[in-house]
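# Examining the three-dimensional arrangement
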Amino acid sequence: MAFRSAGLLLLTLCVLQLSACASHEPLAPLASAMQPDKPGNVSIIDRAEAWGGAVYAEAEGSVFGVALHGTDELGVWRVDSARTASRVADGLATGYHPDGVAVWAPGYFAVAVEGDRRLQLWSVAGSTVTKVSDLASPIAARDILVADLDADGAMDVVLAPYGGESLVLLWGRGGFEFDAPQELPGGRSPWHPKLYDLDGDGLPDLVWAELDTGMVRWARNRGGREFEVLDLRRVEGFTPRAVAVGDVNRNGLPDIVVAVEVGPSEVLLGREDGGFDVRNVPAPVLGYVSVAVFEDGTIAFGDEGQVVLAQLDSRGDWSYRRLEARSMPAPLLLADVDGDGFEDLIVMHSAGGGVKIHFGPVWDAAEPFVFND
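Rules used throughout
Residues numbered from 1 in each chain as written. Predicted model: local features only at pLDDT ≥ 70, side-chain atom pairs only at ≥ 80, totals over all residues. Heavy atoms only, no water. Buried < 20%, exposed > 50% of the residue type's maximum accessible area, 1.4 Å probe, protein only. Helix = DSSP H or I, 4+ residues; strand = E, 2+ residues; numbered from the N terminus. Pairing = 2+ DSSP bridges. Axes fitted to C-alpha atoms, helices over the stretch in contact; angles between N-to-C directions. Core = buried A, V, L, I, M, F, W, Y, C linked by side-chain atoms within 4.5 Å. Contact = heavy atoms within 4.5 Å. Phe/Tyr/Trp six-rings, centres within 6.5 Å; stacked < 30°, edge-to-face > 60°.

## Structural notes on the pairing of strand β7 (residues 98-105)
Extensive coverage of β7 is indicated by the burial of 6 of its 8 residues. Relative to strand β8 (residues 108-113), β7 is paired through 6 bridges, and the arrangement is antiparallel. What sits directly across from Pro 98, in β8, is Val 113. What sits between the antiparallel neighbours β7 and β8 is a turn of 2 residues, in which Gly 107 has the positive phi angle 95 degrees.

As structure tokens, then:
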């Protein structure tokens with residue numbers, strides 16, 4: 001990829017970093033049902049700063065929880081198998097700047113409120129959404145993950161900072177109660193970590209890329225509430241924004257995909273010996289701000305105004321397709337929203353473009369795409 005001048009790169013980085021917190025016009029009134037833009041592509045919200053979200057399945061569809069960063073609310077929508085949706089409740093005030101949402105259990109969303117340093121639990125029962133717990137957070141958290149990390153039957157929480165050098169682990173005591181915070185050291189700005197059992201020992205590990213250092217790290221879960229932090233690779237480009245884990249080349253081994261904001265993104269293909277072979281994926285302009293990996297190995301990269309899909313064939317060649325998106329499409333979520341057996345792509349737009357769903361099979365619905373030489 002041919003890079004522009006250093007001055008232009010720095011200016012572009014500043015614009016991209018600031019865009020997610022830029023002020024926007026107030027949200028337009030929300031319709032009770034989402035309107036199809038075209039077959040397989042619908043919007044839940046037309047305009048909102050959707051900084052994070054989570055979804056869980058229920059009998060006739062799915063329930064979404066979305067961190068509405070600009071209006072300081074939790075947005076909750078129910079989407080049925082007919083791909084129609086309704087907003088469950090209005091006015092769910094979280095406090096200043098909610099950033100991350102995770103499923104605590106079906107019927108419950110955990111929310112990290114970065115601006116007020118709060119950690120909240122919300123219940124969803126029919127058409128009623130209630131905040132059932134509101135705790136002080138040890139950090140101003142950008143991301144929240146929920147899992148039973150130590151296999152003791154209680155859910156634990158991982159918090160990643162908006163600005164800082166450590167992840168924070170909250171070990172659950174049962175219910176929404178935790179032991180004292182434990183720091184997991186890393187480098188500057190370890191945004192958007194992912195949970196995945198990389199070594200196959202049955203315990204979820206943590207993988208992240210650091211926005212300011214370019215380092216990709218693996219925190220190996222050793223059990224007994226201990227993690228070993230390993231440096232995997234420093235990306236060649238600048239400002240890695242997110243990681244995803246999946247089997248990209250379909251050889252039964254986990255691969256790590258890194259979305260790099262300036263420069264080619266990187267795919268770390270897992271080997272039998274525990275190492276990685278690195279493959280690059282070009283970007284249409286500068287780079288990508290988000291990434292997700294489908295069960296079949298297809299990679300989705302968030303780019304300004306579009307999502308680029310990439311597939312690696314048996315010969316090691318890439319094929320590409322594209323889907324429409326709005327500004328700053330990050331993060332990306334995958335779930336079978338309508339219960340038809342296909343993974344759907346949920347695109348959050350952190351700069352104010354709301355939430356769009358591309359219903360699966362997504363590759364078949366996408367347009368062919370070829371990079372310019």
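## Brief notes about the sheet that holds strand β4 (residues 61-68)
Read across the open sheet, the 4 strands follow the order β3-β4-β5-β6; overall the sheet is antiparallel. Two strands close off the open sheet at either side, each with one partner strand: β3 (50-58) and β6 (85-89). With direction set aside, neighbouring strand axes in the sheet form an average angle of 25 degrees.

## Topic: the environment of Gly 202
With respect to the helices and strands, Gly 202 occurs in the loop between β17 (194-196) and β18 (205-209). The exposure class of Gly 202 is exposed, given its relative accessible area of 61%. Separated by 53 residues in the primary sequence, Gly 202 and Leu 149 have C-alpha atoms spaced 9.8 Å apart.

## As for the nonpolar core
Counting 21 residues, the largest nonpolar core has Val 248, Ile 299 and Trp 318 as its most contacted members. Listing elements by their share of this core, those giving two or more residues are β21 (238-246), β22 (255-262), β23 (265-270), β25 (290-293), β26 (299-303), β27 (306-312) and β28 (318-324). The greatest single-element share of this core, amounting to 3 residues, is contributed by β27. If we ignore the near neighbours within four places in the chain, the residues touching Ile 299 are Val 248, Val 257, Val 267, Val 291, Ala 292, Val 293, Val 308, Leu 309, Ala 310 and Trp 318.

## A word on the sheet that holds β8
The strand order across the open sheet formed by 4 strands is β7-β8-β9-β10, and the pairing between neighbours is antiparallel. Strands at the two margins of the open sheet, each flanked by one partner only, are β7 and β10 (128-136). Recorded for the sheet is a direction-independent mean angle of 25 degrees between the axes of neighbouring strands. Across 6 bridges, the pairing between β8 and strand β9 (residues 118-125) is antiparallel. Its bridge partner being in β9, Tyr 108 is matched across the sheet by Ser 123.

## Digging into the packing of aromatic side chains
Centre distance and the angle of the planes are the two values used to describe a pair of aromatic rings. Throughout the structure, instances matching the rule amount to 10 aromatic pairs. Aromatic side chains Trp 104 and Phe 178 sit 6.1 Å apart centroid to centroid with 85 degrees between the ring planes, which places their arrangement in the edge-to-face category. In this pair, Trp 104 sits in strand β7 while Phe 178 sits in strand β15 (residues 177-178), placing the two residues 74 residues apart along the sequence. Considered together, Trp 104 and Phe 178 belong to a single accessibility category, that of buried residues. Ring plane angle 45 degrees and centroid distance 5.9 Å describe the contact between Tyr 162 and Trp 191, whose orientation is recorded as tilted. Here the residue Tyr 162 occupies a position in the loop between β12 (156-161) and β13 (166-170), and Trp 191 occupies one in the loop between β16 (182-185) and β17, the gap between them amounting to 29 residues. On the basis of relative accessible area, Tyr 162 is assigned to the partly exposed category, the value being 31%. Site record: aromatic cluster; members linked through ring pairs are Trp 51, Tyr 162 and Trp 191.

## With respect to the side chain of Thr 94
Summarising the element assignment, Thr 94 is placed in the loop between β6 and β7. A relative accessible area of 4% places Thr 94 in the buried class. When neighbours within four sequence positions are excluded, Thr 94 is seen to be in contact with Asp 72, Glu 73, Leu 74, Val 113, Gln 120 and Trp 122.

Geometric descriptors of this kind do not, in isolation, establish any biological role.
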